[in-house]
Amino acid sequence: MAEPKTNELMEKIVSLCKRRGFIFQSSEIYGGINGFWDYGPLGAELKKNIRDCWWNDMVRSRDDVVGIESSIIMHPKVWEASGHVGGFTDPMVDCKASKQRFRADQIFFAAVVVDGKIAGYVSALESERIAEELQEKAEALKRKKAIQGKLEPVKAQDFTEAKPDEIPLIPSPATGEPGSLTPPRAFNMMFETYVGALRDESAIAYLRPETAQGMFADFKAVLDTGRVKIPFGIAQIGKSFRNEITPRNFIFRSREFEQMEMEYFISDQDDWQKWHRYWIDWCRNWLLSVGVPASQLSEYNHPKEKLAFYSKGTTDIMFRYPFGEQELWGIAARGDYDLSQHAKASGASLAYFDEAAKRQYVPHVIEPAVGVDRIMLAILCSAYCEDQAPDEKGKLESRVVMKFHPRIAPIKVAIFPLLKNKPELVKKAQEVRNLLRPQMTVFYDEAGAIGRRYRRQDEAGTPFGVTIDFDTLGEKPELLNTVTLRDRDTMKQERVKIEELVPLLSGKIR
Ligand code: GAP
């Protein structure tokens with residue numbers, strides 16, 4: 001399906017990700033598969049660092065959160081109880097002419113009203129400039145039909161709001177002609193599979209569409225074994241799968257993605273708003289700690305009338321992606337809905353007994369839920385930078401630099417012997433590599449001019465470069481066993497003793 005045109009920055013990021021081995025299209029040699037992505041050598045490191053930072057801060061550094069890893073395929077009744085079998089749907093629309101499929105809430109339309117009369121309809125796919133696009137199309141329609149009179153400003157609505165008699169009049173975004181769009185119908189996004197040798201109804205199981213239900217299904221097991229006391233959380237990181245109707249915007253919305261979710265269980269009598277705020281702030285601060293700038297973040301409170309009936313409140317931390325401000329992290333107050341549903345469906349007691357108060361109750365939940373891939377995209381977008389750097393002869397040339405926070409940079413330090421045809425330099429550089437390697441990810445590069453090697457690491461986002469030169473070998477005796485340490489962002493170099501490198505760099509990357 002044709003992707004809506006994203007801006008130039010997004011194209012540059014996608015191209016850099018491919019060129020430098022961050023992200024590839026899955027199964028590319030077979031033409032690719034829509035909504036699935038592979039992470040290359042740099043991408044896999046970056047993603048692992050995001051996961052590790054979150055796990056460290058969310059689980060290991062706290063007394064009140066424990067981690068689990070539940071299976072991807074769970075008992076199908078889990079998904080009946082959670083409401084996913086009945087209601088995990090998106091409204092889908094087919095274009096009968098082009099055979100394309102759309103999410104109804106991503107098609108926008110407007111009546112073209114001239115002198116108070118409807119002259120036709122225009123439509124467009126969701127984008128940053130939907131209102132302008134519809135207005136331009138309305139003006140074009142008025143011109144095409146040679147209608148005189150005053151064109152009213154268009155009022156954009158999404159296709160789920162279209163009245164039955166409007167549907168045949170709304171042009172398909174694929175063909176520009178009306179009459180081919182079907183009314184929206186619910187499409188369940190869970191991927192089905194079969195467990196065991198039989199392929200009948202009784203063997204149907206689902207790839208999990210969220211990791212959260214693993215925490216609810218294991219609540220009792222953790223309670224019985226984990227020595228946890230309310231308030232406490234259960235966290236996990238893992239793959240989730242959704243058969244998205246329109247996967248798009250690179251890794252922003254894919255069909256296979258990874259989530260980092262935490263269910264924080266509180267007393268039914270506790271102040272949920274206090275905990276909700278606490279976790280919104282925690283998530284925001286965590287994003288800042290991995291280098292997402294505050295200026296790109298905002299909060300969106302879901303309006304009360306659009307919340308699920310059990311939800312007390314949901315706030316999304318939004319990130320300004322190049323294709324628009326979009327949900328990055330959702331923090332939901334889910335009441336006791338999930339535990340009560342699973343207790344009812346399974347027959348197990350999922351209540352908590354408060355020893356001090358001698359009282360039993362079903363805990364309420366605050367859930368911060370985020371996608372690793374969405375954080376990664378936010379980090380890639382925030383880190384991308386173009387500036388000027390001097391080449392070998394001091395002439396300024398433009399460079400692309402990924403300004404990753406050292407905490408999450410895929411490679412922490414690059415090691416460069418000044419020349420590759422001087423065995424003494426190479427030997428010393430390899431010694432430095434071996435010294436640093438147990439402590440951090442290092443990349444050894446001896447190929448090409450030193451300036452070009454710096455540039456390659458700038459694009460990979462490596463925050464530090466260590467160059468071994470003739471002074472390292474003692475050409476100037478007072479500089480024996482010192483190296484130059486280059487800072488990626490300032491491009492400044494300082495002379496550092498080899499023996500000081502490990503403590504110095506370890507401090508900078510943690
Ligand atoms: N347990 C609640 C839950 O899963 P959600 O808002 O559907 O809530 C949580 O998903 C987070 O997972 C989102 O904020 C987003 O970061 C990520 N996410 C959801 N669908 C995604 C997709 N198709 N591709 C990539 N990330 C996705």
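Data block above holds the structure.
Residues numbered from 1 in each chain as written. Predicted model: local features only at pLDDT ≥ 70, side-chain atom pairs only at ≥ 80, totals over all residues. Heavy atoms only, no water.

**Topic: the environment of Ala460**
Moving on, step 1. With respect to the helices and strands, the residue Ala460 is situated in helix 12 (residues 450–460).
Moving on, step 2. A relative accessible area of 1% places Ala460 in the buried class.
Moving on, step 3. Here the alpha-carbon distance between Ala460 and Pro410, two residues 50 residues apart in the chain, equals 7.7 Å.
Moving on, step 4. If we ignore the near neighbours within four places in the chain, the residues touching Ala460 are Arg20, Phe22, Leu42, Phe404 and Pro410. (Helix = DSSP H or I, 4+ residues; strand = E, 2+ residues; numbered from the N terminus. Buried < 20%, exposed > 50% of the residue type's maximum accessible area, 1.4 Å probe, protein only. Contact = heavy atoms within 4.5 Å.)

**Here we look at the sheet that holds strand 4 (residues 89–94)**
Moving on, step 1. With antiparallel pairing, the three strands of this open sheet are ordered in space as 5-4-9. Taken across any chain shown, the strands that pair with only one partner, and hence form the sheet edges, are strand 5 (101–103) and strand 9 (185–188). Adjacent strand axes in the sheet meet at a mean angle of 50°, parallel and antiparallel pairs treated alike.
Moving on, step 2. With three bridges connecting them, strand 4 and strand 5 associate as antiparallel partners. Across the sheet, residue Val93 finds its bridge partner in strand 5, namely Phe102. (Pairing = 2+ DSSP bridges. Axes fitted to C-alpha atoms, helices over the stretch in contact; angles between N-to-C directions.)

**Structural notes on helix 9 (residues 337–346)**
Moving on, step 1. All of the buried residues in helix 9 are Tyr337, Asp338, Leu339 and His342.
Moving on, step 2. If you follow the buried residues of helix 9, they end up packed against helix 3 (76–81), helix 6 (212–217), helix 7 (219–225), strand 13 (256–266) and strand 16 (324–335).
Moving on, step 3. Within two residues after helix 9, Gly347 carries a phi angle of roughly 85°, on the positive side.

**Brief notes about the nonpolar core**
Moving on, step 1. Formed by 61 residues in total, the largest nonpolar core has its most connected members in Trp286 and Trp329.
Moving on, step 2. In terms of residue count, the dominant contributor to this core is helix 10 (residues 372–383) (nine residues).
Moving on, step 3. Ala429, Val466, Leu485 and Ile509 belong to the second largest nonpolar core, which has 21 residues in total. (Core = buried A, V, L, I, M, F, W, Y, C linked by side-chain atoms within 4.5 Å.)

**Considerations on the pairing of strand 26 (residues 493–497)**
Moving on, step 1. In this structure, strand 25 (residues 482–487) lies alongside strand 26, joined through five bridges in antiparallel fashion. Among the inter-strand pairings, Leu485 is bridged to a residue of strand 26, identified as Glu494.
Moving on, step 2. Connecting strand 25 to the antiparallel partner strand 26 that follows it, the hairpin turn spans five residues, and Met491 within it adopts a positive phi of roughly 65°.

**A few points about the packing of aromatic side chains**
Moving on, step 1. Inspection of the entire model under this criterion finds 24 aromatic pairs.
Moving on, step 2. Both rings, one in Trp282 and one in Trp329, keep their centres 6.5 Å apart while their planes meet at 85°; by these two values the pair is edge-to-face. Residue Trp282 is located in helix 8 (residues 272–289), and its partner Trp329 is located in strand 16; the two are separated by 47 residues in the primary sequence. For the pair Trp282 and Trp329, one class covers both residues: buried.
Moving on, step 3. Centre to centre, the rings of Tyr321 and Phe323 are 5.1 Å apart; their planes meet at 5°, and the pair counts as stacked.
Moving on, step 4. Accessibility expressed as a relative area gives 9% for Phe323, which makes it buried. (Phe/Tyr/Trp six-rings, centres within 6.5 Å; stacked < 30°, edge-to-face > 60°.)

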